[in-house]
Amino acid sequence: MAEILRVIATFVEKGLVYVSKKPVFWSSGAQTALAEAEVEYQERDDQAVFVKFPIATGQLAGKASIAIWTTTPWTLPANLVIAVDAKEIYVVQEFRREGVSEVLVLADKLVDAFSLATGFQPTGEPMQTFPGTKLEGFGAQHPLLPRTSMILTAEFVTMDTGTGAVHVAPGHGEDDYALGSKNGFPIFSPVDDHGRYTEEVGIPELVGKYVFDANRDIVRMLRDREVLLGEQNFHHSYPYCWRSKTPIIFRAVDQFFIRIDDLRAAALDAITKVDWIPLWGENRIAGTVESRPDWVISRQRSWGVPLPVFYSGSGEPILNANWIRRLADLVAVRGSNVWFELSDSELARELGLPPGTTKGSDTIDVWIDSGVSHRAVCARRPELHDPAEMYLEATDQHRGWFQSSLMTSVALNNRAPYKTCVTHGFVVDLDGKKISKSSTYDKPVEASHFVSKHGADLVRLWASSINYTDDVPFSEEMFTRLGDTYRRMRNTLRILHGNLFDLLVSDVADVGSRSTTAATTLIDRWIVDRLDGVIGECRAAYESFEFHKVYHTINQFCAVDLSSLYIDITKDRMYCDAPNSPRRRATQLAMHRIYDALCRLLAPVLAFTSEEAWRYLGGNASVHLQLFPEVRASQRDTYVNTAVDRLLKLRAVIGQALEKARQQKLIGNSLEARVILRCERKLIDGISRDELEEFFIVGELVLEEANEPSAVVERTSFAKCARCWRHRETVGKSRTHPDLCDRCEDVVQARLSST
Amino acid sequence: MAPNYKETLNLPRTDFPMKANLASREPDFLRVWEETRLYEQIQKAREGAELFVLHDGPPFANGDVHMGTALNKILKDMVVKSQTMLGKRAPFVPGWDCHGLPIEYKVVKESRGLAPLEIRKRCEAFARRFIDIQREQFKRLGVFGDWGNPYLTMNPG
Ligand SMILES: [Zn+2]
């Protein structure tokens, strides 16, 4: 907190902080000024009224009334000004309704809409027409109070709704305030903290009444005084206090501000130097910075860092950087409660302030607290630094923390506090509705519910699976699909691990030093190349923070390349070859590499499962201490990829023929098949028949030359090996083991002689 | 009698369980990570490496961790873990936003008419309670960080 005060001291020194009576978003429910981010909009019905102000001075005095329209009748007692557009044409026109005649001044463009809304019909031609500027300076009689309001021209007047003559209460609106203070009007706001009229309002029966309840009374008074021209129900979106859910009022109070105009240009410049992910974030925050008004940093609350404002004996507010720094030193030692614990005189003595100095009672907007964390945390903790490489929050933080941090950082350092700014969408249910802990949302939203039911790794897998730059769909049902993906990954790891049981550590260590390709068949070379691809894609995805690409790449690799191809095709050699046959060992080494790489690549996502799998590899250190695997080959193995692509196409052709043969009950499984494969010989050039039979998982393969690939399946005449269940030409040839194929006989023989 | 060839096969062997039982098994890993001070080990292992600071936007110390907050923290953790495994030093200092209307509102609603100092004491107790709750919930998600020394906007320093 001391650091927050020191930052305020710097702002004071730079002349960025000022005090002013100004209308702010005021929550009458929570009795405090609100930040823009604490305001939410709700649909609401209000009574809009058309009211006449008889013109009292100037050329039209006593001859006509100016007609205004407002959706907040309760602000009428604070009306001091009526605004018109300088260039738009206004008319003086007689209207009649049920025998009542009124001569009214309003914008020409809005006459028809006015008639429709009020029932007043224009009679005859306009008596006069002129641009609005001609009305400037006229006085108009206030409809409820004995005073005149002044007509002024202003740029915010529009011809969308109303009459083109806008009711202005400088103490109750942003534009109103600007126009009123520019022309020297008081910032009149006769409403207390609870949203009730004060005596200043000048109408005794309204004093103490909640303003939104007073709307009815005001409409009645206007009707009684025959100044109400019409009323209509008005449905609009209106700001509410996000916390107390009460409608906001604009109300002028003494507040402390940071002057944003002094920072705006530098902030906009700083924005262009940041990487925004997704890109549209840059426009979003630039728009927010361009339009944001001065920052109200005072809060009439207790739970916050004290706003270090002092008052002189005569009640003048004092902002003094040195005093604030002395206070910061005191707070660093005794905590900020010291501000509340010490009396005015004790605090003055403690800080060495002139006797009679008193302290304010406001606290600082919490957006300052978090908005200066780049200074209080990043710049001060030894393991961090400022600017940070990254801020990563939900998209609402363009208005919130990204912006508050940017503003304070520009004020202190003239640059952004982050190099990259990433946003993610909101978590929404399948209907696109934001999930939240509200009374209207009845499904569980607590993370602990899902963690205790499905495990943290499944929640993490979900977080990795989505493109977080959009809104993020979520539902309990999604865990079914995520569970399938998880089990596939886990099972792939498990099968790989199951095949490594007799691989010696020395074999693994050895592998780097010798050429692995010599003893490696096509399928091994292919999977190792695919792994290189997967490693490259995952590393790139992690570098660009695109976790869903990691998810899809690994899921695809496990489901297709590993489960349905590599593991399936190598099953025979893994189970039935001699344990140390070169091709089995080559496959084991490949599987070891894959297992090792998958553990590392999955670690940021499946933090627990990757650690579990990693332990089965035998090391002591956590997987989270490791580095990602590197891409091994300097370039992709194009030969092997082309060759395997061709084989996969032929595999599909054979697969169809096998399926047909199975349906015709010609064969039971593919190992009983004699497949006559017709294709261009060059497609399979240099690949042994043994390897092809293994790749296609068939008993016997006969090759014939043809332009178009096709396959015919017959039942093989070879006998079935009792050990590997493959139908081989060599089964029955041996005297000692007539039930085995030659490979299996060798294996069995070797085992016998070794025991 | 036919020989039992099955024994001569190299059938897969592993203790790696098919069934994950994540909800019950994960806490064991958390315990080991805590006991072995894994976060500190990682920081030490990357000493001198290029620094990557992801600065945590502090959530309000108010309420349980819901799925939106969980998504945010997990995404941050995936950035931190992956940057670490890319070879960088990626410390993570979690933070909490402690002050403000949401907490004061709850405290004041419970008992109106308290003096500011009493309000502040109750608010602080409220915030600390939820910091502890949220800290455990974030850790349970597998998020690594300096949980013993987070930054709190209400800290005196
Ligand atoms: Zn055999």
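Residues numbered from 1 in each chain as written. Chains lettered and ligands numbered in written order. Predicted model: local features only at pLDDT ≥ 70, side-chain atom pairs only at ≥ 80, totals over all residues. Heavy atoms only, no water.

1. Describing the overall build of chain A
Logical step 1: Regarding its fold elements, chain A presents 24 helices and 30 strands.
Logical step 2: For a compact globule of 755 residues, the expected C-alpha radius of gyration is about 27 Å, and chain A comes in at 40 Å, more than 25% above that figure.
Logical step 3: Put simply, 72% of the contacts in chain A that link residues at least 6 apart link residues at least 24 apart.
Logical step 4: Of the roughly 31,400 Å² of accessible surface on chain A, 50% is carried by carbon and sulfur atoms.
Logical step 5: Here chain A carries 87 positive and 101 negative side-chain charges, and the mean point of each set is 5 Å from the other. (Helix = DSSP H or I, 4+ residues; strand = E, 2+ residues; numbered from the N terminus. Rg over C-alpha atoms; globule rule 2.2 N^0.38 Å. Contact = heavy atoms within 4.5 Å. Areas by Shrake-Rupley, 256 points an atom, 1.4 Å probe, with all protein chains shown as cover. Lys, Arg positive; Asp, Glu negative; His and termini not counted. Charge placed at Lys NZ, Arg CZ, Asp CG, Glu CD.)

2. So, the overall build of chain B
Logical step 1: When helices and strands are counted, chain B shows 5 helices and 2 strands.
Logical step 2: Of the regular secondary structure in chain B, the N- to C-terminal order runs α-α-α-β-α-α-β.
Logical step 3: Taking 2.2 N^0.38 as the reference for a compact globule, 157 residues should give roughly 15 Å; the C-alpha atoms of chain B span a radius of gyration of 23 Å, well beyond that estimate.
Logical step 4: Projecting the C-alpha coordinates of chain B onto the three principal axes gives extents of approximately 95 × 40 × 25 Å.
Logical step 5: Within chain B, the fraction of its 157 residues that count as buried is 61%. (Buried < 20%, exposed > 50% of the residue type's maximum accessible area, 1.4 Å probe, protein only.)

3. Let's talk about the side chain of A:Thr521
All names here are of chain A.
Logical step 1: Take threonine 521: it is sitting in the loop between helix H16 (505-511) and helix H17 (522-543).
Logical step 2: Side-chain polar atoms of threonine 521 contact the side chain of arginine 573, separated by 2.8 Å.
Logical step 3: The contact partners of threonine 521, leaving out residues within four places of it in the chain, are Arg573 and Glu691. (Polar contact = N/O pair within 3.5 Å; in protein donor to acceptor, adjacent residues only side chain to side chain.)

4. Focus: the coordination of the zinc ion
Residue and element names in this part refer to chain A.
Logical step 1: Those protein atoms acting as donors to the zinc ion are Cys721 (SG), Cys724 (SG), Cys741 (SG) and Cys744 (SG), and they sit at 2.2 to 2.3 Å.
Logical step 2: Relative to the metal, the 4 donor atoms surrounding the zinc ion lie at angles of 101 to 120°, and the coordination shape comes out tetrahedral.
Logical step 3: Here the donor residues for the zinc ion map to a single chain with the spacing C-x2-C-x16-C-x2-C. By the burial criterion, cysteine 741 is buried, and cysteine 744 matches it. (Donors = N, O, S within 2.8 Å, 3.2 Å for Na, K, Ca; no water. Tetrahedral: all angles 85-135°; square planar, octahedral: opposite > 155°, others 65-115°.)

5. What about the sheet that holds strand S16 (residues 295-296) of chain A?
Backbone-to-backbone hydrogen bonds join strands into a sheet, with any given pair of strands oriented parallel or antiparallel.
Residues and elements named next belong to chain A.
Logical step 1: In space, the 4 strands of this open sheet follow the order S2-S1-S14-S16, with antiparallel pairing throughout. The two strands at the open ends of the sheet, each matched to only one other strand, are strand S2 (32-33) and S16.
Logical step 2: Summarising the sheet, strand S1 (residues 17-27) and strand S14 (residues 248-258) pair through 11 bridges and their orientation is antiparallel. Of the residues in S14, the one forming a bridge with valine 17 is isoleucine 258. (Pairing = 2+ DSSP bridges.)

6. Quick notes on the interface of chain A and chain B
Logical step 1: At the junction of the two partners, chain A supplies 116 residues and chain B supplies 96 residues.
Logical step 2: At the junction of chain A and chain B, the tally comes to 5 salt bridges.
Logical step 3: The residue B:Glu104 makes a salt bridge to A:Arg301 at a minimum N-O spacing of 3.5 Å.
Logical step 4: Remark: the boundary between chain A and chain B carries 48 residue pairs in polar contact (both at pLDDT 80 or more).
Logical step 5: The element best represented in the side of chain A that touches chain B is helix H14 (residues 456-465) of chain A, accounting for 8 residues. (Salt bridge = Lys/Arg side-chain N within 4 Å of Asp/Glu carboxyl O.)

7. Concerning the domain arrangement of chain A
Logical step 1: Domain parsing of chain A yields domain 1 (2-21 + 259-424), domain 2 (26-251), domain 3 (456-636) and domain 4 (650-754).
Logical step 2: With centres defined by C-alpha atoms, the gap from domain 1 of chain A to domain 4 of chain A works out at 77 Å. (Domains from an automatic or database assignment.)

8. A closer look at the confidence of the model for chain A
Logical step 1: Across chain A, pLDDT averages 91, with 97% of residues at or above 70.
Logical step 2: Segment residues 513-518 of chain A: pLDDT under 50, and 4 contacts once partners within four positions in sequence are set aside and those in other chains are kept. (pLDDT = per-residue confidence, 0-100.)

9. Quick word on the packing of H17(A) against helix H20 (residues 582-602) of chain A
Residues and elements named next belong to chain A.
Logical step 1: Packing of H17 against H20 leaves a shortest axis separation of 10 Å and a crossing angle of 10°. With respect to each other, H17 and H20 are oriented roughly parallel. Note on element contacts: H20 touches H17 through Arg583, Ala586, Thr587, Ala590, Arg593, Ile594, Ala597 and Leu601, opposite Asp524, Ile527, Val528, Leu531, Asp532, Val534, Ile535, Cys538 and Tyr542.
Logical step 2: Residue composition of the contact of H17 with H20, by class: 12 nonpolar, 1 polar and 4 charged. (Axes fitted to C-alpha atoms, helices over the stretch in contact; angles between N-to-C directions. Parallel < 35°, antiparallel > 145°, perpendicular 65-115°, else oblique. Nonpolar A, V, L, I, M, F, W, Y, C, P; charged D, E, K, R; others polar.)

10. Structural notes on the packing of aromatic side chains
All names here are of chain A.
Logical step 1: Under the definition given, this model contains 35 aromatic pairs over all chains.
Logical step 2: Ring geometry for tyrosine 210 and phenylalanine 212: centres 5.7 Å apart, planes at 55°, overall tilted.
Logical step 3: Ring pairs connect the aromatic residues Phe50, Trp69, Phe95, Phe114, Phe120 and Phe234, which therefore count as one cluster.
Logical step 4: Against the face of tryptophan 26 rests arginine 251, its NZ or CZ located 4.4 Å from the ring centre. (Phe/Tyr/Trp six-rings, centres within 6.5 Å; stacked < 30°, edge-to-face > 60°. Lys NZ or Arg CZ within 6 Å of the ring centre and 35° of its normal.)

11. Digging into the confidence of the model for chain B
Logical step 1: A residue-level look at chain B finds 97% of positions with pLDDT of 70 or above and a mean pLDDT of 93.
Logical step 2: For this predicted complex, the interface confidence score (ipTM) comes to 0.97, while the overall pTM stands at 0.83.

12. Comments concerning the sheet that holds strand S23 (residues 418-424) of chain A
Residue and element names in this part refer to chain A.
Logical step 1: Pairing is parallel across the open sheet formed by 3 strands, whose spatial order is S15-S23-S22. Each edge of the sheet is formed by a strand with only one pairing partner; in this case those strands are strand S15 (275-277) and strand S22 (388-394). The mean angle between the axes of side-by-side strands here comes to 15°, regardless of whether they run parallel or antiparallel.
Logical step 2: One ladder, built from 6 bridges, connects S22 with S23; its direction is parallel.

13. Some remarks on unusual backbone geometry
Glycine aside, residues mostly have negative phi, and peptide bonds are mostly found in the trans state.
Logical step 1: The omega torsion of the bond from A:Ile277 to A:Pro278 falls at -10°, within 30 degrees of zero and hence cis.
Logical step 2: Within the secondary structure, A:Pro278 sits in the loop between S15 and helix H6 (281-291).
Logical step 3: Unlike most non-glycine residues, A:Glu98 shows phi in positive territory, near 45°.
Logical step 4: The backbone of B:Arg37 shows a phi angle near 50°, a positive value even though the residue is not glycine.
Logical step 5: Its location among the elements puts B:Arg37 in the loop between helix H1 (22-35) and helix H2 (38-45).

14. A word on the environment of A:Asp572
Residues and elements named next belong to chain A.
Logical step 1: Along the polypeptide, aspartate 572 turns up in helix H19 (residues 571-576).
Logical step 2: Take aspartate 572: its relative accessible area is 14%, and that puts it in the buried class.
Logical step 3: Put simply, aspartate 572 and glycine 304 are 268 residues apart on the chain and 70 Å apart in space, counted from C-alpha to C-alpha.
Logical step 4: In this structure, aspartate 572 is in contact with Asp577, Arg583, Cys724, Arg726 and Arg743, ignoring residues within four places of it in sequence.

15. Some thoughts on the packing of H14(A) against helix H3 (residues 67-85) of chain B
Packed helices, taken two at a time, are described by the angle their axes make and the gap between the axes.
Logical step 1: Direction vectors running N to C along H14(A) and H3(B) enclose 80°, while the axes themselves pass 10 Å from each other. Between H14(A) and H3(B), the angle falls in the class roughly perpendicular. Residues A:Val459, A:Arg460, A:Trp462, A:Ala463 and A:Ser464 of H14(A) touch H3(B), and the partners they reach there are B:Met67, B:Leu71, B:Ile74, B:Leu75, B:Asp77, B:Met78 and B:Lys81.

16. A word on the pattern of salt bridges
Residue and element names in this part refer to chain A.
Logical step 1: Within this structure, the stated rule accounts for 72 salt bridges over all chains.
Logical step 2: The residue arginine 334 makes a salt bridge to glutamate 350 at a minimum N-O spacing of 3.9 Å. You can see arginine 334 sitting in helix H7 (residues 321-334) and its partner glutamate 350 sitting in helix H9 (residues 344-351), a full 16 residues away along the chain.
Logical step 3: Aspartate 561 is the partner of arginine 530 in a salt bridge, and the nearest nitrogen-oxygen pair spans 2.7 Å. Of this pair, arginine 530 sits in helix H17 while aspartate 561 sits in helix H18 (residues 547-569), and the two are 31 residues apart along the sequence. Exposure class is identical for arginine 530 and aspartate 561. Each is buried.
Logical step 4: Each member of the salt-bridge network shares a partner with another, and the members are Asp524, Asp572, Arg573, Asp577, Arg583, Glu694, Arg726 and Arg743.

17. Points about the environment of A:Gly455
Logical step 1: Position of A:Gly455 relative to the elements: it lies in the loop between helix H13 (447-454) and H14.
Logical step 2: A:Gly455 gets classed as buried once you look at its relative accessible area, which sits at 0%.
Logical step 3: Distance in space between the C-alpha atoms of A:Gly455 and A:Asp572 is 36 Å, their sequence separation being 117 residues.
Logical step 4: Setting aside chain neighbours within four positions, we find A:Gly455 in contact with A:Phe450, B:Leu22, B:Ala23 and B:Glu26.

18. Focus on the pairing of strand S11 (residues 148-153) of chain A
All names here are of chain A.
Logical step 1: Pairing of strand S5 (residues 81-84) with S11, which is carried by 4 bridges, proceeds in the parallel orientation. The residue bridging alanine 83 from the neighbouring strand is leucine 152, located in S11.
Logical step 2: In this sheet, S11 lies alongside strand S10 (residues 139-141) in antiparallel orientation, the contact comprising 3 bridges. Pairing of glycine 139 across the sheet is with methionine 150, part of S11.
Logical step 3: Counted along the chain from S10 to the antiparallel partner S11, the turn is 6 residues long.

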